[in-house]
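If you want the building blocks of each chain, they are given just below.
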Amino acid sequence: MPPFEIENLNSLKQFEGREFPATDWFVVTQDRIQKFADATEDRQWIHLDAERARRESPFGGTVAHGFLTLSLLSYWMKQAIQIRSGLAMAINYGLNKVRFPSAVRAGSQVRARVTLLSVKESAEFVDATFLIRVEGQSSEKPCCVAEWLVRYYPQRVPQ
């Protein structure tokens, strides 16, 4: 599904409180989990040892790192909304709250639902707070719920 288009940075505030259409499903493969473990040095067996995870974990198999799920927020945000003009760049400004209510099993599909909670405008930038709910195709509970702050910088008009 194409992202919801917002005309320009100045019109972002009018979408406060809005939930945008859900993103496409994304498969979290064991290979991606392995690469994330290699990149972060987090090689706990629940992520990498399929046989042991099947036998001993409450999840019945390997699961993605919570931080792997969280790191996909940027990917999903690009699918959720697009600001068409007036934007120089957006940066990850931080997180207020993050929870991982259910595990993401290797091979499962997840997607995000994005809601714009608030917009604070200043002369130099615009801060937006989003509620991101990551849901698994086979899970009743969300996999991740995060309140994410994004700082948008407007394009400057040359003098």
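In this text the structure is predicted, and so the values were computed from the model without any measurement. (Residues numbered from 1 in each chain as written. Predicted model: local features only at pLDDT ≥ 70, side-chain atom pairs only at ≥ 80, totals over all residues. Heavy atoms only, no water.)

Participant: Sorry if this is basic, but what is going on with the side chain of Ser-108 here?
Facilitator: Position of Ser-108 relative to the elements: it lies in the loop between strand S4 (87-99) and strand S5 (109-121). A polar atom in the side chain of Ser-108 sits 2.6 Å from the backbone oxygen of Arg-105. Beyond its immediate sequence surroundings of up to four residues, Ser-108 is in contact with Phe-26, Val-27 and Val-28. (Helix = DSSP H or I, 4+ residues; strand = E, 2+ residues; numbered from the N terminus. Polar contact = N/O pair within 3.5 Å; in protein donor to acceptor, adjacent residues only side chain to side chain. Contact = heavy atoms within 4.5 Å.)

Participant: Please clarify how the nonpolar core should be interpreted in this entry.
Facilitator: Note that soluble globular proteins tend to have their nonpolar side chains buried in a common cluster. In terms of nonpolar packing, the biggest core is built from 37 residues, with Leu-12, Ile-81, Phe-130, Ile-132 and Tyr-152 touching the most fellow members. Elements with a contribution of two residues or more to this core: strand S1 (4-8), helix H1 (30-40), helix H4 (66-71), helix H5 (73-80), strand S3 (81-85), S5, strand S6 (126-136) and strand S7 (142-154). If one sorts the elements of this core by residue count, S7 sits on top with six residues. Those residues in contact with Leu-12 that sit more than four places away from it in its chain are Ile-6, Ile-83, Leu-116, Val-119, Val-126, Ala-128 and Tyr-152. (Core = buried A, V, L, I, M, F, W, Y, C linked by side-chain atoms within 4.5 Å. Buried < 20%, exposed > 50% of the residue type's maximum accessible area, 1.4 Å probe, protein only.)

Participant: Explain H1 to me, please; I cannot follow it from the model alone.
Facilitator: Working note: α-helix, 3.6 residues per turn, so residues spaced by three or four point in the same direction. Turning to H1, its buried residues number three or more, namely Ile-33, Phe-36 and Ala-37. Projected onto a plane normal to the axis of H1, the buried residues spread over an arc of 100 degrees and lie on a single side. Facing away from the buried surface of H1 by more than 90 degrees, the exposed residues are Lys-35 and Ala-39. Where H1 is buried, its residues contact helix H2 (45-48) and H4. Positive phi appears at Glu-41, one or two residues downstream of H1, with a value of about 65 degrees. (Arc of directions from axis to C-beta.)

Participant: I'm lost on the pairing of S6 in this one. Help?
Facilitator: Side-chain direction in a regular strand flips from residue to residue, so the side chains alternate between the two faces of the sheet. By the criterion of burial, S6 is predominantly enclosed, with nine of the eleven residues buried. Judged from the eleven bridges that link them, S5 and S6 form a sheet pairing that is antiparallel. Bridging from a neighbouring strand, Ser-118 pairs with Thr-129 of S6. Hairpin connection between S5 and S6: a loop of four residues separates the two successive antiparallel strands. Between the antiparallel neighbours S6 and S7 lie five residues. (Pairing = 2+ DSSP bridges.)

Participant: Help me understand the pattern of salt bridges in this model?
Facilitator: Pairing between side chains of opposite charge can happen when the charged atoms of each approach one another. Inspection of the entire model under this criterion finds 15 salt bridges. A salt bridge links Glu-19 to Arg-133, with the shortest nitrogen-to-oxygen separation between them at 2.9 Å. One end of the pair, Glu-19, is in the loop between S1 and strand S2 (26-27); the other, Arg-133, is in strand S6, and 114 residues separate them in sequence. Classification of Arg-133 as partly exposed rests on a relative accessible area of 28%. (Salt bridge = Lys/Arg side-chain N within 4 Å of Asp/Glu carboxyl O.)

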